[in-house]
Amino acid sequence: MADIRVIEGDFTECSGRYALVVGRFNGFVVESLVEGALDTLRRHGISDADVTIVRVPGAYEMPLAVKRVADCPLYTTDAADEKRGVKLVGSRRMPNKTT
């Protein structure tokens, strides 16, 4: 283990409001991910009052909810991350159904 290089992040920016956009589909998986995200935020000093959970039916509705959260003045977004995320979401196309 002495030869293994470890890189750890430093969560120094603890001010602001955070939003988690989660789908209700596959709740048994999603709920454990939500609990893990909340645990991480709490361990870094984020209060529950600064966290909002936005629930949507499934993955199809998620890009629209993320866009609305990003446009909301209550939440601080990193413009570069937002642009990259919106570009990624915008590049996803629903597959054509063929019978």
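As the structure is a computational prediction, the values presented were derived from the model and not from experiment. Counting of residues starts from 1 at the beginning of each chain's written sequence and follows it residue by residue. Predicted model: local features are reported for residues with pLDDT of at least 70 only, side-chain atom pairs are reported and counted for 80 or more only, and whole-chain, interface and lining totals are derived from all residues. As a convention, hydrogens and water are excluded, and side-chain values are obtained from all of the structure's heavy atoms.

Visitor: Could you give an account of the pairing of strand 2 (residues 51-56), with specific residues and numbers?
Guide: DSSP bridges decide pairing: two strands pair if at least two such bridges lie between them. The secondary structure listing takes helices from DSSP runs of H or I that are at least 4 residues long and strands from runs of E that are at least 2 residues long, numbered from the N terminus. Where strand 1 (residues 18-23) lies against strand 2, 6 bridges are found, and the strand directions are parallel. Of the residues in strand 2, the one forming a bridge with Val22 is Arg55. For the segment spanning strand 1, helix 1 (residues 27-43) and strand 2, crossover handedness is right-handed. Throughout, right-handed denotes a crossover for which the path from the first strand over the helix to the second runs clockwise when the strands point away from the viewer.

Visitor: Lay out the environment of Arg55 in plain terms, naming residues and giving numbers.
Guide: You can see Arg55 is positioned in strand 2. Here the alpha-carbon distance between Arg55 and Arg24, two residues 31 residues apart in the chain, equals 6.4 Å. If sequence neighbours within four positions are ignored, Arg55 has contacts with Val22, Arg24 and Glu31. At a separation of 2.8 Å, a polar atom in the side chain of Arg55 contacts the side chain of Glu31. Any two residues whose heavy atoms approach within 4.5 Å are treated as being in contact. Polar contact criterion, stated in full: a pair of N or O atoms within 3.5 Å, where within protein one must be able to donate a hydrogen and the other to accept it, and residues adjacent in sequence count only if both atoms are side-chain atoms.

Visitor: Account for the nonpolar core, naming residues and giving values.
Guide: Think of a nonpolar core as a cluster: buried Ala, Val, Leu, Ile, Met, Phe, Trp, Tyr and Cys residues, connected wherever their side-chain atoms sit within 4.5 Å. Three labels apply to residues, based on accessible area from a 1.4 Å probe with only protein chains included: buried if under 20% of the type maximum, exposed if over 50%, partly exposed otherwise in between. Counting residues in hydrophobic clusters, the biggest one holds 8 residues: Leu20, Val22, Val30, Val34, Leu38, Leu41, Ile46 and Val51. At the level of elements, strand 1 and helix 1 are the ones that each hand at least two residues to this core. If one sorts the elements of this core by residue count, helix 1 sits on top with 4 residues. Not counting chain neighbours up to four residues away, the residues in contact with Leu20 comprise Ala37, Leu38, Val51, Thr52, Ile53 and Val54.

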